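Listed here are the chains, written in short residue letters.
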Amino acid sequence: NYVSSWRKQGYTDDPRKQRFENYKTLEFKDITGFYKKNTAEKSLIITVAGDKKSMNFKEVEKFGKVIEVKKKDIFRK
């Protein structure tokens, strides 16, 4: 399916090869620059799953509004 999809997009070779080469020269300033340009002003949703007894909610609340949900509210049988 991947190869068929790539061919439909005009690729004659695996496009991941070029991405991999680009990653070799990637620097942290490139990542932070991308973040500032494309993400910084947008809302984010951060999901934390785990035992709430092991979490410091005061620290988590520093990142924004915390909404606690139960497992049954997310996963249906």
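Preceding this paragraph is the structure being described.
Here goes a summary of the coordinates provided.

The rules we used
Residues numbered from 1 in each chain as written. Predicted model: local features only at pLDDT ≥ 70, side-chain atom pairs only at ≥ 80, totals over all residues. Heavy atoms only, no water. Patch = residues over 30% accessible without salt bridge, like charges linked within 9 Å, V, L, I, M, F, W, Y side chains within 5 Å. Areas by Shrake-Rupley, 256 points an atom, 1.4 Å probe, with all protein chains shown as cover. Salt bridge = Lys/Arg side-chain N within 4 Å of Asp/Glu carboxyl O. Helix = DSSP H or I, 4+ residues; strand = E, 2+ residues; numbered from the N terminus. 1 Å grid on protein atoms, 1.4 Å probe; cavity = no way out; pocket = protein on both sides within 12 Å on 5 of 7 lines; lining within 4 Å. Points joined across faces, edges and corners; volume = space filled by probe spheres on them. Buried < 20%, exposed > 50% of the residue type's maximum accessible area, 1.4 Å probe, protein only.

Further remarks concern a nonpolar patch on the surface. A surface patch of nonpolar side chains, about 580 Å² in accessible area, is lined by Phe-20, Tyr-23, Leu-26, Phe-28 and Ile-31. Counting residues per element, the ones that place at least two in the nonpolar patch are helix H2 (16-24) and helix H3 (28-38). Within the fold, Tyr-23 resides in helix H2.

Once that is clear, we can look at the layout of surface pockets. Considered as a void within the structure, the largest pocket measures approximately 910 Å³ in volume. Together, 23 residues line the largest pocket, and Ile-46, Thr-47, Val-48, Val-66 and Ile-67 are the ones closest to its centre. Elements with a contribution of two residues or more to the lining of the largest pocket: helix H4 (57-60) and helix H5 (71-74).

We now examine the pattern of salt bridges. Counted under the stated rule, the structure contains 6 salt bridges. Of the charged contacts in the structure, one is a salt bridge between Glu-27 and Lys-29, with a shortest N-O distance of 3.9 Å. Across the pair Lys-62 and Glu-59 runs a salt bridge whose closest N-O atoms are separated by 2.9 Å. Taking relative accessible area as the criterion, Glu-59 reaches 39% and is therefore assigned partly exposed.

Looking now at the environment of Lys-24. Note that Lys-24 resides in helix H2. Linking Lys-24 and Gly-10, residues 14 residues apart in sequence, is a C-alpha distance of 25 Å.

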